Amino acid sequence: GGAVILFKYGNVIRAQRIDGSGNRLWGNNGLSFATAPDGGGAFTTTNETMRYVSGDVFVAATASRAAAPVVTSDIWAWRRGTGNWGRVVSTPLPTSVQQSPQLHVSGASCVVLWDDNRFYNQSYINTGYGIFGLKLNSGTGAPDAAWDADTGAGTDYNGVSIVLNHYNEFVARPLVVPYND
């Protein structure tokens, strides 16, 4: 038996693994997720979620920063354990909201999903909340080029639309469930 526990110490996300006897296996304070993936300064997180896979901890969270550069409601992801990486998964438009991230880790893939209203009340399109996602390499954190939303020559790794409801003004709160065909 045992468990992996995700918690916050101040504003630092941490994970601690305990064995069936209650012994801490990752030191006194556990693994830290304190480093901003974009190299910026202090940040706060909400909506943290975690998956524990074969000794590694994968975490996704909604992250914001009060100081320059002004970044609001980004979706960030980290891996700690045998491989360590952190990355900004998606950065919203200035007037949009991204929240409620979820993770699914399977082999070399880490899929991050979140609620997103990037197209709400825009002059060119007016939709409600949708579910967007991005597939990452679970070993390196690199985005999968097939999940590039940009149809032109550039790269737009702010996720692809999984479900886009034209009239849904309510947050969908996605859940990820593994399946096997």
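Anything mentioned here points back to the structure above.
Residues numbered from 1 in each chain as written. Predicted model: local features only at pLDDT ≥ 70, side-chain atom pairs only at ≥ 80, totals over all residues. Heavy atoms only, no water.

### What about the sheet that holds strand S1 (residues 2-9)?
Now for step 1: If you walk across this open sheet you meet the 3 strands as S1-S2-S3, and the pairing is antiparallel. The sheet is open, and its two edges are formed by S1 and strand S3 (31-32), each paired on a single side.
Now for step 2: As judged from the 8 bridges shared by S1 and strand S2 (residues 12-19), these two strands associate in the antiparallel manner. Note on S2: the bridge partner recorded for Leu6 is Ala15. (Pairing = 2+ DSSP bridges. Helix = DSSP H or I, 4+ residues; strand = E, 2+ residues; numbered from the N terminus.)

### What about the pattern of salt bridges?
Now for step 1: Considering all chains together, one arrives at 3 salt bridges under this definition.
Now for step 2: The residue Glu48 makes a salt bridge to Lys8 at a minimum N-O spacing of 3.1 Å. Here Lys8 lies in strand S1 and Glu48 lies in strand S4 (residues 44-53), a separation of 40 residues in the sequence.
Now for step 3: What makes Glu48 partly exposed here is its relative accessible area of 27%.
Now for step 4: As a salt-bridge pair, Asp144 and Lys135 come within 3.5 Å of each other at their nearest N and O atoms. (Salt bridge = Lys/Arg side-chain N within 4 Å of Asp/Glu carboxyl O. Buried < 20%, exposed > 50% of the residue type's maximum accessible area, 1.4 Å probe, protein only.)

### Looking at the side chain of Gln98
Now for step 1: Mapped onto the elements, Gln98 comes out in strand S8 (residues 98-106).
Now for step 2: Of the polar contacts made by the side chain of Gln98, one reaches the side chain of Ser90; its length is 3.0 Å.
Now for step 3: At 2.9 Å, the side chain of Gln98 and the side chain of Asp116 are in polar contact.
Now for step 4: With sequence-adjacent residues up to four places away left out, Gln98 is seen in contact with Thr62, Ser73, Asp74, Ile75, Ser90, Thr91, Pro92, Trp114, Asp115, Asp116 and Arg118. (Polar contact = N/O pair within 3.5 Å; in protein donor to acceptor, adjacent residues only side chain to side chain. Contact = heavy atoms within 4.5 Å.)

### Re the environment of Tyr52
Now for step 1: Secondary-structure assignment places Tyr52 in strand S4.
Now for step 2: Tyr52 sits in the partly exposed class, given a relative accessible area of 32%.
Now for step 3: Counting along the chain gives 47 residues from Tyr52 to Ile5, while the straight-line C-alpha distance between them is 9.6 Å.

### A look at the side chain of Arg80
Now for step 1: Along the polypeptide, Arg80 turns up in strand S6 (residues 71-80).
Now for step 2: It turns out Arg80 is buried and unbridged, and the closest side chain with the opposite charge, Asp56, is 9.8 Å from it.
Now for step 3: There is a polar contact of 3.1 Å between the side chain of Arg80 and the backbone oxygen of Trp85.
Now for step 4: Excluding its chain neighbours within four sequence positions, the residues that come into contact with Arg80 are Leu31, Ser32, Phe33, Thr35, Gly55, Asp56, Val57 and Trp85. (Lys, Arg positive; Asp, Glu negative; His and termini not counted.)

### Focus on the environment of Thr46
Now for step 1: Secondary-structure assignment places Thr46 in strand S4.
Now for step 2: Note on Thr46: relative accessible area 43%, which makes it partly exposed.
Now for step 3: Taking the C-alpha atoms as reference, Thr46 lies 9.6 Å from Pro101; in sequence the two are 55 residues apart.
Now for step 4: Excluding anything up to four places from it in sequence, Thr46 contacts Ala61 and Thr62.
Now for step 5: Among the polar contacts made by the side chain of Thr46, one reaches the side chain of Asn47 at a distance of 3.3 Å.

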